[in-house]
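Residues per chain, in single letters:
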Amino acid sequence: MTSIRHFPATHPLPDWRNFGVMLRVLLGANALAALAALLLAPASADWAGRYVELAAFVEPLLLISLALLAGLRDLLWRLPLRLGQALALALVGGLAELLAMQGASLGLAEPAAPGRAALLAVAAAWLLLGYFELRARAHSPALAEARLAALNARIRPHFLFNSLNAVLTLIRSRPQQAEAGLEALADLFRAAMRDPGELVSLADEIELGRQYLELEGLRLGPRLTVDWQIGPVARDLPIPPLMLQPLLENAVRHGIEPLPEGGTVRIAIDRRGDELSIAIANPTGGGADGGEGHHIALDNIRERLALYYDLEARLTIEAGPDSYEVRITLPCRTPR
């Protein structure tokens with residue numbers, strides 16, 4: 001199994017194309033506008049009207065600035081930090097002054113002192129850039145990888161001991177299958193000991209899931225049925241390691257194993273626009289606690305997704321009376 005690339009370093013300049021960055025900029029800028037409206041309003045009752053007036057100027061400036069900064073992201077990242085920050089500030093200030101002059105010429109706003117709009121916009125943008133720089137330092141690659149290593153360490157012992165127990169049950173009764181299981185277990189060990197900062201290809205993650213399910217199939221026999229539904233997805237898409245296996249383990253342990261008749265684990269992988277969707281479903285036999293044991297792995301995966309993708313990835317659950325489904329949605333990123 002080969003890795004795609006290392007966990008990306010957190011750049012002091014924001015990734016303007018990241019949904020989490022966009023959301024923080026929008027919330028931060030609007031919070032500053034609300035504070036300015038509170039300071040400028042002659043009375044507290046006039047605050048809402050003053051905020052609406054400011055928002056009519058702030059929102060177009062925000063949207064245009066984010067669009068331009070997203071387009072210039074790679075260029076700004078190649079520059080020294082301070083130069084990149086200065087260019088971003090100059091862009092925002094210039095746009096603010098242009099919008100202010102256009103609004104005054106159309107009679108939509110009162111004429112202001114030259115440079116006032118640019119100065120205010122640069123001050124707000126400087127505060128936001130300072131926040132993102134501090135956040136980048138707090139989420140340095142070393143800290144992020146240390147956190148990922150700690151999260152992966154929580155999965156490995158449970159994952160490996162359960163797989164080993166599955167093989168041990170076969171040594172006396174079915175030695176040939178136990179030998180094949182040990183070979184698969186060796187591959188699982190190698191995957192579990194991977195550098196947690198590396199992304200892996202979707203193909204490798206699928207193969208790891210297949211090997212794990214084959215091990216469980218040796219133990220459970222016909223009680224375990226697997227239904228793979230893989231759409232037209234590029235198999236070299238990079239994704240975080242150990243996304244599928246913990247969810248498959250939960251599906252078997254808490255969905256299939258408690259049922260005397262067993263059941264089917266369904267894995268659906270498809271691409272929807274710029275997003276990769278991975279869904280794993282298992283039966284619950286009508287029990288209310290069919291997904292009870294999933295939560296440790298789910299919390300672990302949620303935190304790892306946040307470290308890799310910020311707010312661009314999400315994990316959702318659909319728990320019905322007879323089934324339990326976990327869906328992971330990741331941004332599609334081509335290998336570098």
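A.B. asks: Would you mind showing me how to read a nonpolar patch on the surface here?
C.D. replies: On the surface, Leu 35, Leu 38, Leu 39, Leu 40 and Trp 47 cluster together into a nonpolar patch covering about 510 Å² of accessible area. Top element by residues in the nonpolar patch is helix α1 (residues 19–40). It accounts for four residues. Examined against the element boundaries, Trp 47 turns out to sit in helix α2 (residues 47–71). Given a relative accessible area of 32%, Trp 47 falls into the partly exposed group.

A.B. asks: Looking at this model, I keep getting lost on helix α10 (residues 295–309). Mind explaining?
C.D. replies: Given a rise of 1.5 Å per residue, 15 residues ought to cover 21 Å, and the 20 Å separating the end C-alpha atoms of α10 matches this to within 8%. For α10, the set of buried residues is Ala 297, Leu 298, Asn 300, Ile 301, Arg 304, Leu 305, Tyr 308 and Tyr 309. Seen end-on, α10 carries its buried residues on one side only, within an arc spanning 160 degrees. Where α10 terminates, the next one or two residues include Asp 310, which has phi positive at roughly 60 degrees.

A.B. asks: What's the story with the pairing of strand β6 (residues 275–283) in this structure? I'm lost.
C.D. replies: Looking down a regular strand, the side chains alternate between one sheet face and the other. Among the nine residues of β6, eight are classified as buried, and the element is accordingly described as predominantly covered. Linking strand β5 (residues 263–272) to β6, which pair antiparallel, is a turn of two residues; within it Gly 273 sits at a positive phi near 65 degrees. The pairing of β6 with strand β8 (residues 323–331) spans nine bridges and is classified as antiparallel. By the bridge assignment for β8, Ala 279 is matched with Arg 327.

A.B. asks: Help me out: how do you make sense of the sheet that holds strand β3 (residues 224–230) in this one?
C.D. replies: Sheets are built from strands paired through backbone hydrogen bonds, the pairs being either parallel or antiparallel. Here five strands make up an open sheet; going across it, the order is β3-β5-β6-β8-β7 and the pairing mixed. The sheet is open, and its two edges are formed by β3 and β7 (314–319), each paired on a single side. Direction aside, the axes of adjacent strands within the sheet are offset by 15 degrees on average. Relative to the sheet, helix α8 (residues 202–220) contacts β3, β5 and β6, its axis offset from that of β3 by approximately 165 degrees. Packing of α10 onto the sheet brings it into contact with β7 and β8, and relative to β8 it is tilted by some 10 degrees.

A.B. asks: How should I be thinking about the packing of aromatic side chains in this particular structure?
C.D. replies: Remark: the centre distance and the inter-plane angle together describe each pair of aromatic rings, the angle taken between the planes. Per the stated rule, a full pass over the model turns up two aromatic pairs. Considering the side-chain rings of Trp 16 and Phe 132, the 6.4 Å spacing of their centres and the 70 degrees angle between planes classify their relative orientation as edge-to-face. With Trp 16 in the loop between β1 (3–6) and α1 and Phe 132 in helix α5 (residues 116–138), this pair connects stretches of sequence that are 116 residues apart. Residue classification places Trp 16 among the buried residues on the basis of a relative accessible area of 7%. The buried category is assigned to Phe 132, whose relative accessible area is 6%. An aromatic cluster of at least three residues, connected via ring pairs, comprises Trp 16, Tyr 131 and Phe 132. Of note, Arg 73 hangs over the ring of Trp 77, and the distance from its end group to the ring centre comes to 4.8 Å. Here the guanidinium or amino end of Arg 210 rests over the ring plane of Trp 228, the centre of that ring lying 4.6 Å away.

What counts, and where the lines are drawn
Each chain carries its own residue numbering, running from 1 in the direction its sequence is written. Totals for whole chains, interfaces and linings use every residue, but because this is a predicted model, local features are given only for residues with pLDDT of at least 70 and side-chain atom pairs only at 80 or more, for both listing and counting. For the side-chain quantities, the full set of heavy atoms in the structure was used; hydrogens and water were omitted. Each patch groups residues whose relative accessible area exceeds 30% and which form no salt bridge, using 9 Å between like charges and 5 Å between nonpolar side chains of Val, Leu, Ile, Met, Phe, Trp and Tyr. The Shrake-Rupley method, run with a 1.4 Å probe, gives the accessible areas here. Residue values count only the displayed protein chains as cover. For this analysis, a salt bridge means a side-chain nitrogen from Lys or Arg found within 4 Å of a carboxyl oxygen belonging to Asp or Glu. Secondary structure elements follow DSSP: runs of H or I of four or more residues count as helices, runs of E of two or more count as strands, with numbering from the N terminus. With a 1.4 Å probe rolled over the protein chains alone, any residue whose accessible area is under 20% of its type maximum counts as buried; one over 50% counts as exposed, and the rest are partly exposed. The length a helix should cover is 1.5 Å for every residue beyond the first. Here the arc refers to the set of directions running from the helix axis out to each C-beta atom. In short, DSSP must find at least two bridges between two strands for them to pair. Axis definition: a line fitted to C-alpha atoms, over the contacting stretch in the case of helices. Angles run 0 to 180 degrees between N-to-C directions. Residue contacts are defined here by distance: any two heavy atoms, one from each residue, within 4.5 Å place the two residues in contact. Two aromatic rings from Phe, Tyr or Trp, using only the six-membered ring of Trp, form a pair when their centres are within 6.5 Å; if the ring planes differ by under 30 degrees the pair is stacked, by over 60 it is edge-to-face, and anything between is tilted. Any Lys NZ or Arg CZ that is within 6 Å of a ring centre and within 35 degrees of that ring's normal is treated as a charge sitting over the ring.

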